[in-house]
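Commentary on secondary and tertiary structure
Letter by letter, the chains look like this.
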Amino acid sequence: MSKRKEFQARRLTKLAFSFDALEPIRQLYHSLHADQLSEEIKIGIKAHEDYGDEFANIKMRWYFANSPEALQIFRDVLDGCELAVSRDVVGSSRNRMRVIQANIVEISGSYPEGRWHSDFADPRLGMNESATLLTPLLPFESHFGGLETTSVIRGESLDYDDHATVHRYREGEAILFDGTGTIHRTQSYQAAEHERRVLVCWQFGDVRSDLIPVFRRIGKKNGDPMFMHGH
Ligand SMILES: [Fe+2]
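Residues numbered from 1 in each chain as written. Predicted model: local features only at pLDDT ≥ 70, side-chain atom pairs only at ≥ 80, totals over all residues.

**Looking at the nonpolar core**
Counting residues in each nonpolar core, the largest one holds 47 residues, and the members touching the most others are Ile 25, Phe 74, Val 99, Leu 137, Leu 176 and Trp 202. Broken down by element, the residue count for this core peaks at six residues, all from strand 10 (residues 196-206). Here Leu 176 is in contact with Phe 7, Leu 12, Thr 13, Leu 15, Ser 86, Val 89, Ala 131 and Leu 133, once residues within four sequence places are set aside. (Core = buried A, V, L, I, M, F, W, Y, C linked by C-beta atoms within 7 Å. Buried ≥ 20, exposed ≤ 12 C-beta atoms within 10 Å, placed from the backbone. Helix = DSSP H or I, 4+ residues; strand = E, 2+ residues; numbered from the N terminus. Contact = placed C-beta atoms within 7 Å.)

Right, dumping it as C-alpha coordinates:
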(Lines give C-alpha, C1' and ligand atoms only; values in the text may rest on other atoms or scores of the structure.)
Protein backbone atom coordinates (compact mmCIF):
# COMPACT_ATOMS: atom_id res chain seq x y z
CA MET A 1 0.00 0.00 0.00
CA SER A 2 1.38 3.47 -0.78
CA LYS A 3 2.08 5.77 2.18
CA ARG A 4 -0.68 8.04 0.95
CA LYS A 5 -3.25 5.24 0.74
CA GLU A 6 -2.15 3.91 4.12
CA PHE A 7 -2.49 7.37 5.69
CA GLN A 8 -5.96 7.81 4.23
CA ALA A 9 -7.11 4.33 5.30
CA ARG A 10 -5.53 4.13 8.76
CA ARG A 11 -4.90 7.81 9.55
CA LEU A 12 -1.28 6.86 10.30
CA THR A 13 1.85 5.84 8.42
CA LYS A 14 5.61 5.54 9.14
CA LEU A 15 8.40 7.15 7.14
CA ALA A 16 12.07 6.14 7.08
CA PHE A 17 14.72 8.85 6.83
CA SER A 18 18.33 9.59 7.77
CA PHE A 19 18.68 10.19 11.53
CA ASP A 20 21.62 12.53 10.75
CA ALA A 21 19.26 14.89 8.93
CA LEU A 22 18.00 16.08 12.34
CA GLU A 23 21.39 17.62 13.25
CA PRO A 24 20.28 21.30 12.89
CA ILE A 25 17.40 20.61 15.31
CA ARG A 26 19.79 18.87 17.73
CA GLN A 27 22.01 21.96 17.62
CA LEU A 28 18.95 24.10 18.28
CA TYR A 29 18.05 21.91 21.27
CA HIS A 30 21.57 22.09 22.73
CA SER A 31 21.83 25.86 22.17
CA LEU A 32 18.48 26.26 23.89
CA HIS A 33 19.71 24.42 26.97
CA ALA A 34 23.00 26.32 26.92
CA ASP A 35 21.03 29.58 26.65
CA GLN A 36 22.89 30.45 23.45
CA LEU A 37 20.13 31.02 20.93
CA SER A 38 20.56 33.95 18.58
CA GLU A 39 18.01 36.70 19.05
CA GLU A 40 15.79 35.97 16.03
CA ILE A 41 15.46 32.26 16.91
CA LYS A 42 12.62 32.51 19.38
CA ILE A 43 11.55 29.38 21.23
CA GLY A 44 8.55 29.36 23.56
CA ILE A 45 8.17 26.90 26.42
CA LYS A 46 5.01 25.18 27.57
CA ALA A 47 5.04 23.00 30.65
CA HIS A 48 2.85 19.95 31.07
CA GLU A 49 -0.63 20.89 32.18
CA ASP A 50 -1.37 19.67 35.63
CA TYR A 51 -3.70 16.72 34.99
CA GLY A 52 -3.83 15.66 38.62
CA ASP A 53 -1.69 14.28 41.42
CA GLU A 54 -0.03 11.56 39.37
CA PHE A 55 1.29 14.27 37.04
CA ALA A 56 2.65 16.46 39.83
CA ASN A 57 6.21 15.21 39.38
CA ILE A 58 6.22 14.94 35.60
CA LYS A 59 8.78 17.03 33.86
CA MET A 60 7.43 17.46 30.35
CA ARG A 61 8.27 20.49 28.22
CA TRP A 62 7.27 21.61 24.74
CA TYR A 63 9.84 23.93 23.17
CA PHE A 64 7.91 25.48 20.31
CA ALA A 65 8.99 27.64 17.35
CA ASN A 66 7.95 31.16 18.26
CA SER A 67 9.39 33.13 15.31
CA PRO A 68 9.52 32.52 11.53
CA GLU A 69 13.31 32.07 11.85
CA ALA A 70 12.89 29.35 14.46
CA LEU A 71 10.21 27.59 12.40
CA GLN A 72 12.49 27.77 9.34
CA ILE A 73 15.01 25.43 11.01
CA PHE A 74 12.32 22.74 11.34
CA ARG A 75 10.97 23.37 7.81
CA ASP A 76 14.46 23.20 6.25
CA VAL A 77 15.26 19.88 7.94
CA LEU A 78 11.97 18.40 6.75
CA ASP A 79 12.21 19.70 3.18
CA GLY A 80 15.87 18.63 2.95
CA CYS A 81 15.38 14.94 3.78
CA GLU A 82 13.12 11.98 3.00
CA LEU A 83 10.47 13.38 5.38
CA ALA A 84 9.60 15.98 2.72
CA VAL A 85 7.25 13.34 1.29
CA SER A 86 4.88 14.04 4.23
CA ARG A 87 3.57 17.05 2.32
CA ASP A 88 2.48 14.74 -0.51
CA VAL A 89 1.13 12.02 1.77
CA VAL A 90 -1.31 14.30 3.62
CA GLY A 91 -4.03 16.35 1.88
CA SER A 92 -4.33 17.15 -1.79
CA SER A 93 -1.78 19.89 -2.47
CA ARG A 94 1.90 19.80 -1.52
CA ASN A 95 2.21 23.59 -1.70
CA ARG A 96 -0.76 24.12 0.60
CA MET A 97 0.32 21.44 3.10
CA ARG A 98 2.71 23.43 5.27
CA VAL A 99 4.54 23.04 8.55
CA ILE A 100 2.50 25.52 10.58
CA GLN A 101 3.93 24.66 14.00
CA ALA A 102 6.98 22.74 15.19
CA ASN A 103 8.35 21.80 18.56
CA ILE A 104 10.69 19.64 20.59
CA VAL A 105 8.96 17.49 23.21
CA GLU A 106 11.10 16.59 26.21
CA ILE A 107 10.17 14.26 29.09
CA SER A 108 12.63 13.83 31.98
CA GLY A 109 12.14 10.69 34.08
CA SER A 110 8.99 8.55 34.11
CA TYR A 111 5.63 9.23 32.52
CA PRO A 112 2.30 8.04 33.99
CA GLU A 113 -0.84 6.97 32.17
CA GLY A 114 -1.56 9.86 29.79
CA ARG A 115 -4.75 11.44 28.58
CA TRP A 116 -6.20 10.47 25.17
CA HIS A 117 -6.44 13.46 22.83
CA SER A 118 -6.18 14.62 19.23
CA ASP A 119 -3.75 17.44 18.43
CA PHE A 120 -5.97 19.71 16.32
CA ALA A 121 -9.57 19.69 17.51
CA ASP A 122 -12.06 22.01 15.82
CA PRO A 123 -15.53 21.28 14.41
CA ARG A 124 -14.52 22.87 11.07
CA LEU A 125 -11.40 20.75 10.59
CA GLY A 126 -11.83 17.39 8.84
CA MET A 127 -9.72 14.31 8.19
CA ASN A 128 -6.67 14.61 5.95
CA GLU A 129 -6.46 18.39 6.49
CA SER A 130 -3.80 18.39 9.22
CA ALA A 131 -1.19 16.00 10.56
CA THR A 132 1.46 15.47 13.21
CA LEU A 133 4.90 13.98 12.48
CA LEU A 134 6.89 12.64 15.45
CA THR A 135 10.35 11.08 15.68
CA PRO A 136 13.15 10.72 18.27
CA LEU A 137 15.59 13.64 18.19
CA LEU A 138 18.15 11.92 20.43
CA PRO A 139 19.08 8.24 20.89
CA PHE A 140 15.92 6.49 22.06
CA GLU A 141 16.21 4.02 24.96
CA SER A 142 14.24 0.79 24.63
CA HIS A 143 12.40 1.32 27.93
CA PHE A 144 10.99 4.73 26.87
CA GLY A 145 7.29 4.89 26.05
CA GLY A 146 6.01 4.76 22.49
CA LEU A 147 2.99 6.38 20.86
CA GLU A 148 -0.32 4.81 21.78
CA THR A 149 -3.11 5.30 19.28
CA THR A 150 -6.67 4.09 19.16
CA SER A 151 -8.64 3.02 16.12
CA VAL A 152 -11.70 4.69 17.63
CA ILE A 153 -12.88 7.79 15.74
CA ARG A 154 -13.63 10.90 17.77
CA GLY A 155 -17.23 10.81 19.01
CA GLU A 156 -17.69 7.14 18.07
CA SER A 157 -17.01 5.53 21.45
CA LEU A 158 -15.14 6.22 24.65
CA ASP A 159 -13.68 2.75 24.76
CA TYR A 160 -10.22 3.91 23.67
CA ASP A 161 -8.17 1.47 25.76
CA ASP A 162 -9.80 -1.60 24.16
CA HIS A 163 -8.79 -0.44 20.67
CA ALA A 164 -5.26 0.74 21.48
CA THR A 165 -2.06 0.01 19.56
CA VAL A 166 1.46 0.92 20.68
CA HIS A 167 3.88 2.22 18.04
CA ARG A 168 7.52 2.03 19.07
CA TYR A 169 9.65 5.06 18.19
CA ARG A 170 12.80 4.25 16.24
CA GLU A 171 15.74 6.45 15.32
CA GLY A 172 15.42 7.33 11.64
CA GLU A 173 11.70 6.52 11.50
CA ALA A 174 8.94 9.09 11.90
CA ILE A 175 5.28 8.47 12.65
CA LEU A 176 2.82 10.58 10.64
CA PHE A 177 -0.76 10.67 11.86
CA ASP A 178 -3.92 12.67 11.26
CA GLY A 179 -4.05 15.84 13.37
CA THR A 180 -7.73 15.60 14.10
CA GLY A 181 -8.67 11.96 13.37
CA THR A 182 -6.02 10.08 15.35
CA ILE A 183 -6.68 9.95 19.07
CA HIS A 184 -3.43 9.18 20.87
CA ARG A 185 -1.30 9.54 23.98
CA THR A 186 2.25 8.93 25.19
CA GLN A 187 2.64 5.36 26.44
CA SER A 188 3.40 5.31 30.15
CA TYR A 189 6.93 4.22 31.15
CA GLN A 190 9.47 4.23 33.96
CA ALA A 191 12.84 5.96 33.59
CA ALA A 192 15.49 7.43 35.85
CA GLU A 193 15.13 11.11 36.64
CA HIS A 194 18.16 12.12 34.54
CA GLU A 195 16.95 10.28 31.43
CA ARG A 196 15.48 12.45 28.72
CA ARG A 197 13.09 11.22 26.07
CA VAL A 198 13.23 13.87 23.35
CA LEU A 199 11.09 13.94 20.21
CA VAL A 200 10.77 16.37 17.32
CA CYS A 201 7.25 17.27 16.27
CA TRP A 202 6.17 18.94 13.02
CA GLN A 203 2.53 19.93 12.64
CA PHE A 204 1.07 20.25 9.16
CA GLY A 205 -2.00 22.11 8.08
CA ASP A 206 -3.73 22.62 4.74
CA VAL A 207 -3.72 26.42 4.44
CA ARG A 208 -6.79 26.49 2.17
CA SER A 209 -8.39 29.92 2.69
CA ASP A 210 -11.37 28.65 4.72
CA LEU A 211 -9.06 26.75 7.08
CA ILE A 212 -6.81 29.72 7.94
CA PRO A 213 -9.20 31.11 10.60
CA VAL A 214 -9.66 27.56 11.92
CA PHE A 215 -5.90 27.12 12.51
CA ARG A 216 -5.68 30.58 14.07
CA ARG A 217 -8.43 29.57 16.47
CA ILE A 218 -6.64 26.30 17.36
CA GLY A 219 -3.36 28.17 17.88
CA LYS A 220 -5.03 30.61 20.22
CA LYS A 221 -6.58 27.79 22.21
CA ASN A 222 -3.32 25.79 22.42
CA GLY A 223 -1.26 28.83 23.31
CA ASP A 224 1.38 28.71 20.55
CA PRO A 225 1.41 30.62 17.26
CA MET A 226 0.54 29.23 13.81
CA PHE A 227 2.74 30.08 10.82
CA MET A 228 0.97 29.78 7.51
CA HIS A 229 3.37 31.52 5.08
CA GLY A 230 4.78 29.54 2.14
CA HIS A 231 7.76 27.19 2.09
FE1 LIG B 1 -0.55 14.88 20.88
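Next, the rest of the story.
**Describing unusual backbone geometry**
Unusually for a residue other than glycine, Arg 11 sits at a positive phi of about 65°. By the element assignment, Arg 11 lies in the loop between helix 1 (3-10) and strand 1 (12-16). Even without being a glycine, Asn 128 presents a positive backbone phi close to 65°. The topology assignment puts Asn 128 in the loop between strand 4 (97-108) and strand 5 (130-136). A count of 19 C-beta atoms within 10 Å places Asn 128 in the partly exposed class.

**Side note on helix 2 (residues 23-33)**
Looking at helix 2, one finds that the buried residues are Ile 25, Leu 28 and Tyr 29. In an axial view of helix 2, the angular spread of the buried residues amounts to 95°, which keeps them on one side of the axis. Exposed and oriented more than 90 degrees from the buried face of helix 2 are Glu 23, Gln 27 and His 30. Taken together, the buried residues of helix 2 touch helix 3 (68-79), strand 4 and strand 10. Just beyond helix 2, the residue with positive phi is Asp 35, at close to 60°. (Arc of directions from axis to C-beta.)

**Examining the environment of Ile 58**
Examined against the element boundaries, Ile 58 turns out to sit in the loop between strand 2 (43-47) and strand 3 (59-65). A C-alpha to C-alpha distance of 12 Å links Ile 58 and Glu 195, two positions 137 residues apart in sequence. Those residues in contact with Ile 58, other than ones at most four positions away along the chain, are His 48, Tyr 111 and Pro 112.

**Description of the environment of His 194**
With respect to the helices and strands, His 194 occurs in the loop between strand 9 (184-186) and strand 10. It is 9.9 Å that separates the C-alpha atoms of His 194 and Ile 107, two residues lying 87 residues apart in sequence.

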